[in-house]
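# Structure at a glance
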Amino acid sequence: MSDRKHDVGFNSLIEDVFGLNIRGLITIRDTVVRPGKVADAAHDPDWLGTYTPSLRLVFFLLTITSVLRFIWAPDDGALIAQLNEAFQDRVPEGAEVATATDQYLATYGALYPVFAILLSAAVAFFMRIWGRDANYALRIRLHLMVLIPSSAFSIFSMAAFGFYDGVLKESFLALTILGLIVGMMLDLMVTVRTTAAAGVLNKIRNALAFTIVNQVTFLSSALLSARIAVSIATNSL
């Protein structure tokens with residue numbers, strides 16, 4: 001038997017399952033406070049041993065947000081009511097609308113993070129704002145790195161989702177729009193501080209382009225996920 005010391009603890013197990021540990025929190029913090037440092041680390045294969053890879057972290061954050069969005073949505077809230085109404089005329093006679101809604105939620109929650117990552121990676125192929133020496137793999141890393149703060153913010157915004165959806169339905173749309181604006185501002189802030197463009201105006205231009213394209217990308221991911229989820233929910237009954 002090997003005499004090698006085993007330094008595997010609970011933190012290592014968390015890393016095995018989620019690929020996340022305290023480094024993930026440090027990565028989120030530094031992407032907000034010092035994004036240039038994280039961007040520099042993206043050039044290193046191991047992220048300088050300091051940060052969690054952006055692809056892994058963003059995928060985790062999007063998955064958690066997608067799941068929590070529906071877990072915390074109350075049965076009598078606006079979201080569930082809208083879904084039940086949408087499936088009312090779609091489900092076969094005698095089938096439970098609630099069953100279709102549950103199937104939709106589960107499918108959407110699984111598909112959205114995958115499509116968001118895949119479409120973001122596709123967009124990164126065309127977004128050349130990180131310098132001429134940035135290859136495709138590096139562009140994907142940097143592209144997703146920018147999304148870390150807004151993806152983390154979306155989890156905290158979901159914490160109030162159930163309360164506002166069930167108690168203050170009239171404010172639900174306004175709060176959703178506010179969350180969207182905050183997320184866009186975070187994307188804009190990080191991009192301005194990390195894009196390779198020379199001059200403030202060029203940096204702002206690149207950041208605006210990135211932010212708009214990213215919103216279109218996430219909206220497309222949501223619509224594609226929703227379309228497939230509706231098809232699966234109705235055909236499985």
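The structure we're discussing is the one just above.
First, a word on what this report is: a plain description of the structure on this page. Since this is a predicted model, take the numbers as computed values, not measurements. (Residues numbered from 1 in each chain as written. Predicted model: local features only at pLDDT ≥ 70, side-chain atom pairs only at ≥ 80, totals over all residues. Heavy atoms only, no water.)

Turning next to the overall build of the chain. When you go through the chain residue by residue, the secondary structure sums to 11 helices and 0 strands. Start at the N end of the chain and walk to the C end: the helices and strands fall as α-α-α-α-α-α-α-α-α-α-α. The 237 residues of the chain split such that 41% are buried. Expressed as a percentage of contacts within the chain between residues at least 6 apart in sequence, the contacts between residues at least 24 apart total 75%. (Helix = DSSP H or I, 4+ residues; strand = E, 2+ residues; numbered from the N terminus. Buried < 20%, exposed > 50% of the residue type's maximum accessible area, 1.4 Å probe, protein only. Contact = heavy atoms within 4.5 Å.)

Here helix α4 (residues 54–71) is 18 residues long and its end C-alpha atoms lie 25 Å apart, about the 26 Å a rise of 1.5 Å per residue gives. Taken residue by residue, α4 has S54, L57, V58, L61, L62, T65, S66, L68 and F70 as its buried positions. (Expected span 1.5 Å × (residues − 1).)

Between two packed helices, both the angle of their axes relative to each other and the distance between the axes serve to describe the pair. Interaxial distance between α4 and helix α7 (residues 136–146) falls to 8 Å at its minimum, and their mutual angle equals 40°. Relative to α7, the element α4 lies oblique. By crossing handedness, the relation of α4 to α7 is classed as left-handed. From α4, S54, L55 and V58 reach across to α7, where they touch I140, R141, L144 and M145. Grouping the constituent residues of the contact of α4 with α7 by class yields 5 nonpolar, 1 polar and 1 charged. (Axes fitted to C-alpha atoms, helices over the stretch in contact; angles between N-to-C directions. Parallel < 35°, antiparallel > 145°, perpendicular 65-115°, else oblique. Left-handed = near helix turned anticlockwise from the far one by under 90°. Nonpolar A, V, L, I, M, F, W, Y, C, P; charged D, E, K, R; others polar.)

Our focus in this paragraph is the pattern of salt bridges. Applying the stated criterion across every chain yields a total of 2 salt bridges. Among the salt bridges present, the one from D30 reaches R34, with a minimum N-O distance of 2.9 Å. Linked by salt bridges that have partners in common, R29, D30 and R34 make up one network. (Salt bridge = Lys/Arg side-chain N within 4 Å of Asp/Glu carboxyl O.)

As a further point, take a nonpolar patch on the surface. On the surface, a cluster of nonpolar side chains totalling about 340 Å² of accessible area is made up of L55, F59, V114 and L118. Looking at the nonpolar patch, the elements with two or more residues in it are α4 and α6 (97–124). The topology assignment puts F59 in helix α4. (Patch = residues over 30% accessible without salt bridge, like charges linked within 9 Å, V, L, I, M, F, W, Y side chains within 5 Å. Areas by Shrake-Rupley, 256 points an atom, 1.4 Å probe, with all protein chains shown as cover.)

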